Structure formats: structure tokens, C-alpha cells
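This is what each chain is made of:
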Amino acid sequence: MTQTTVSATSTSNADLFSSQLEKSNRKKTEHSLLTDASKRLEQALKHLSMSEDAIERLRHPKTSLTVSIPVRMDNGSLQVFQGYRVRYDDTRGPGKGGVRYHPNVTLDEVQSLAFWMTFKCALLDLPFGGAKGGITVNPKELSKAELERLSRGYVDAIADFIGPDVDIPAPDVYTNATIMGWMMDQYSIIKRQLSRAVVTGKPLTLGGSEGRNTATATGAFYVIQATLPKFSQKPHNTTVAVQGFGNAGSILAELLFKAGYKVVAVSDSKGGIYTPQGLDIPSIREYKNSSRSIKAVYCEDTVCSIVEHQVISNAELLALDVDVLIPAALENQITAENANDVKAKFIYEVANGPIASAADAILAEKGIYVFPDILVNAGGVTVSYFEWVQNRNGWYWTLEEVNQRLKVRMEAETEKTWSIAQKLGIDVRTAAYVHGLNRLGEALDAKGTRNYYNNPV
Ligand code: GLU
């Protein structure tokens, strides 16, 4: 019983959604991230027909949990941190999504991130719903022991809310494999049984998957490699700027560099470097690993020397005259205020939500192709799915097997998204939502629609 079909004309569902959303958001601030995220959904609903029941369900996050986490600090004092875990929708399977440690984490942000995860998992056809978690904290100010107590305290607080068949956390901004290992261990202590599949992104030796650490970047690389040829854009004459030099941004920059792209600019939270001749990304990564900062270096063995470069701000990086711009840091980097400055021809969203919805029309007007987060950065959660499968089977795959399966899935869903965009004459972001919504709508409707119950036969 499928109520969801692609159509180019219907607007009534979109209107219905937006008026309902308006009602439900009346009390929220005007700048609510979730409200902004929902605008993409409204846009997609104009291009498919979906049952009213499914729309009604997708209007609200299913469950939002707010917790206080008391942590004994190294100096003997007690500090209480705010934590969140949101399950947006779990119709297609247990909730799935990362946990973010950042001083700006709010419930609104976690809800929108959980919303994106719902569409990301549907788009990649993973048997998961969307979830997300976060703690409002600057992890750089904590010692390693404090960070461990905070992570275990978070699991103590949300243990009844997660589980291998309920909701499965993973890494996100400023969380990593070590933290996932602590979380899995703490959950196993609480449940009094080893429960590896409760968390993904763990260290290899604790049941992590080969290729999980590089998965977001590798997945994005496959999307870039599958789409740029459609515009006859070849690596050797493609210049790239990458905003954000964390796990995803730095590994992707290196993959692109090795494939022959000219990566001319990179940045981290403190600022960036630019050289039109192209940067030596492996050297910069090596330097960043040992010094925690970005420098325009060229290294031979252990000897590094500074190369000619310009120091640029993050805002300047976004406005560089390059072919490909890759925002791989945080949300809301390109907004209505600076969208006009963007000169890139293609944007690949490696961060979640780096473009505010108000910038969409401005970028489209300028003829810039935007490949959206829910497709481009989906490699991370895809290999998380592989990790979960391996944990449940107790049968582990090689790096080649993981990357091959990732490649097949990323390329297939990229092609399906691209052909929806072509068929309906819509942008790639809207096509990605249409594709995910088709799968979600089908699952929601399989539980029964008002048509089904109102129809006597
Ligand atoms: N935090 C990543 C994301 O936003 C990965 C989530 C996961 O692996 O569950 O997609």
C-alpha cells in the first residue's frame, strides 16, 4: 500500500505542512533551526503527494529527552551539564545519529539534527530512523578524566532511552572513537551484558568497523566523483576550498588532493590558509596532528618548511573564486547575508546544515549547484550501519569490503537523487528530500492511513 508517488504539481500537502508547522512553531523563536530545517521539507512536499497522516507524523520530533549530568571535576567541585537525546522518527527502524559536544548545543539544534538524520537514513535506505544527541560543553576545557566522567554520566542519564534496537548513538562534532568506547562500556555495565551494537564509531578493538573513521569523507568523495563528471569537470582543473579541518574536512581534502584536485584553501575554527597554486594537504594534516593548528607547510620526511600563502578568515574562504566549495564545519555558515559573495560553481555540504534555507534561492539564482548534507555526508551513518550489522553478526569485514559496499550505496543513491532532480526539474537538495520522503511516506502509510480505515473494503 503505497500512498507516496512522485508528482510535479501537487502543492496542497506543502501548504498543509507549512500551516501546521506554523501552528506548532508559534511559540518557538523566529530563528529556530528546526523551523528552518523544515522549510526544505515544505519545498519537497510540493513535488510529491503524501498522505496527510504521514505529514502529520513528520511534523513533530517523536521524543525529546533533556537531562542534567552532574560531573565531579578534577578540582573537587561538582559541575552540572545539560544533555539531550532526540528521536525524531523511528518508523523505518531504531533511531540513529551522533552525539555532539559543543558550547552552543541546544535542544532546538539537536532536534533539527535529528530531523536531518531521519531523511539521511531514509535517503540511503538504511533501516534506521533519525536521532541525535548533544551536551552543552566546551570539551577543550575538560581534562581527559573529566571528559570520561561526563560521557559515562550522559549514558547513565539516557540509558533507558537508547539500545541496539531502540536508538544508537555515534560520533559527531567533537566526539570520537574513544568517547564512543566509554559510552558502549558504560551501557554494558548498566545492562550487565556486553552490548556492542548500542553505539557505533567505536575503536576497532572494541567492535568498531574498519573504515568508520574515514567514512564521512570517503562517502563525500564518492558523491563528488559521481557528480562532477556530469558537468565535464575534471580533477586536474578543479580548484577546491574546504572550510573545517576536523575528521571529515581534513580526510576529504587529502582524498581530493590524492585524486589530483587542486585544494587551494583550508581552514579551522581559528582561520584559514590560501594559495592559488594548491596546498600540500598530507603535510598540512601531519602538521595539524602534531601541533593542533593549521600551517601552510610542505614536509619531506619530518622536515617541514612554510610555503608562500595568504592567511584568510573563514568568511573569506567562503567567498573564494574556486570551482568547489566544501563547508565541513558547523551549521549556518552561508546565510542570506553572505550567499551573494559565494563564487564557487559547486557546493558540497559535508557539515550538517551549513547553508541556511534563506540562502537557497540566492545560490540558485547565481547558478550554483548545491549537493546537500543528507546525501554528501551520509557515508558516516552508512558505515555506522555496517558496524551495527557486524556487531550483531559477530562477523567482521575488511576495509576493502567496507569501502566497496559504501561506494555502491553512495553511488546508487546519488544517481537516484540526480535522476529525480532531472525528471522533476528541481534542485538536488529538494530531490534528495523527495527521495527520502518517498521511502518514509511508504513506511508511515504501511501502518494504515485515514483512507484505509475510512474505506469499508
Ligand atoms: N554524526 C554523523 C552524522 O551526522 C554520523 C551519525 C551516525 O553514524 O549515526 O551523520
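Above this text sits the structure in question.
Visitor: Would you mind going over the site of the ligand in detail, with residue names and values included?
Guide: Around the ligand sit 14 residues in total, of which Lys96, Lys120, Pro171, Asp172 and Ser384 are the nearest. Contact between the ligand and Asp172: a nitrogen atom at 2.7 Å from a side-chain N or O atom of the residue. Between Asn352 and the ligand, the recorded distance is 3.1 Å, taken from a side-chain N or O atom to an oxygen atom. Protein burial of the ligand: of its 290 Å² of free accessible surface, 95% is covered by the chains. Elements with a contribution of two residues or more to the shell around the ligand: strand 5 (95–102), helix 4 (107–123), strand 7 (167–171) and helix 13 (379–393). Of the residues belonging to the shell around the ligand, the class tally is four nonpolar, five polar and five charged.

Visitor: An account of the packing of aromatic side chains is requested, with residue identities and associated values reported.
Guide: This model, assessed by the stated rule, comprises 15 aromatic pairs. Consider the rings of Phe371 and Trp418, whose centres lie 6.4 Å apart with planes at 20°: the pair is stacked. Here the residue Phe371 occupies a position in strand 16 (residues 369–371), and Trp418 occupies one in helix 14 (residues 399–424), the gap between them amounting to 47 residues. The same class applies to Phe371 and to Trp418, which are both buried. Among the aromatic side chains, those forming a connected cluster through ring pairs are Phe231, Phe346, Tyr348, Tyr369, Phe371 and Trp418. Geometry around Phe161 places Arg87 over its ring, the cationic atom sitting 4.3 Å from the centre.

Visitor: Please provide a residue-by-residue account of the environment of Leu437, values included.
Guide: Looking at the secondary structure, you find Leu437 in helix 15 (residues 428–445). The class for Leu437 is buried, based on a relative accessible area of 0%. Placed 389 residues apart in sequence, Leu437 and Leu48 show a C-alpha to C-alpha distance of 8.5 Å.

Visitor: Talk me through the sheet that holds strand 8 (residues 239–243); I want residue IDs and the actual numbers.
Guide: Ordered in space as 13-10-9-8-14-15-16, the seven strands form an open sheet in which the pairing is mixed. Every interior strand has two partners, whereas the edge strands, strand 13 (310–312) and strand 16, have only one. Taken over all neighbouring pairs, the strand axes of this sheet differ in orientation by 20° on average, direction set aside. Relative to strand 9 (residues 262–268), strand 8 is paired through five bridges, and the arrangement is parallel. Bridge pairing in strand 9 places Ala241 opposite Ala265.

Parameters at a glance
- Each chain carries its own residue numbering, running from 1 in the written order of its sequence.
- Reporting of local features is limited, given that this is a predicted model, to residues whose pLDDT is at least 70; pairs of side-chain atoms are given and counted only at 80 or more, and all residues count toward the totals for whole chains, interfaces and linings.
- As a rule here, side-chain values cover all heavy atoms of the structure and leave hydrogens and water aside.
- Throughout this document, a residue counts as near a molecule or strand when at least one of its heavy atoms sits within 4 Å of that molecule or strand.
- Counted as a polar contact is a pair of N or O atoms within 3.5 Å, where, for protein atoms, one must be capable of donating a hydrogen and the other of accepting one, and residues adjacent in sequence contribute only when both atoms are in side chains.
- Surface accessibility follows the Shrake-Rupley procedure with a 1.4 Å probe radius. Residue values consider only the protein chains on display as shielding.
- Only runs of H or I of at least four residues qualify as helices and only runs of E of at least two qualify as strands under DSSP, and these elements are numbered from the N terminus.
- Under this grouping Gly is polar, as are all residues other than the nonpolar Ala, Val, Leu, Ile, Met, Phe, Trp, Tyr, Cys and Pro and the charged Asp, Glu, Lys and Arg.
- Stacked, tilted and edge-to-face are the three classes assigned to paired rings of Phe, Tyr and Trp, where Trp is represented by its six-membered ring and a pair needs centres within 6.5 Å; plane angles under 30 degrees give stacked, over 60 edge-to-face, the rest tilted.
- Any residue under 20% of the maximum accessible area for its type is buried, any over 50% is exposed, and the rest in between are partly exposed; the area is computed with a 1.4 Å probe on protein chains only.
- In this scheme, Lys NZ or Arg CZ marks a charge over a ring once it lies within 6 Å of the ring centre and within 35 degrees of the ring normal.
- Whether two strands pair depends on DSSP finding at least two bridges between them.
- Every axis corresponds to a line fitted to the C-alpha atoms, with the helix fit spanning only the stretch in contact, and the corresponding angles, defined between N-to-C directions, vary from 0 to 180 degrees.

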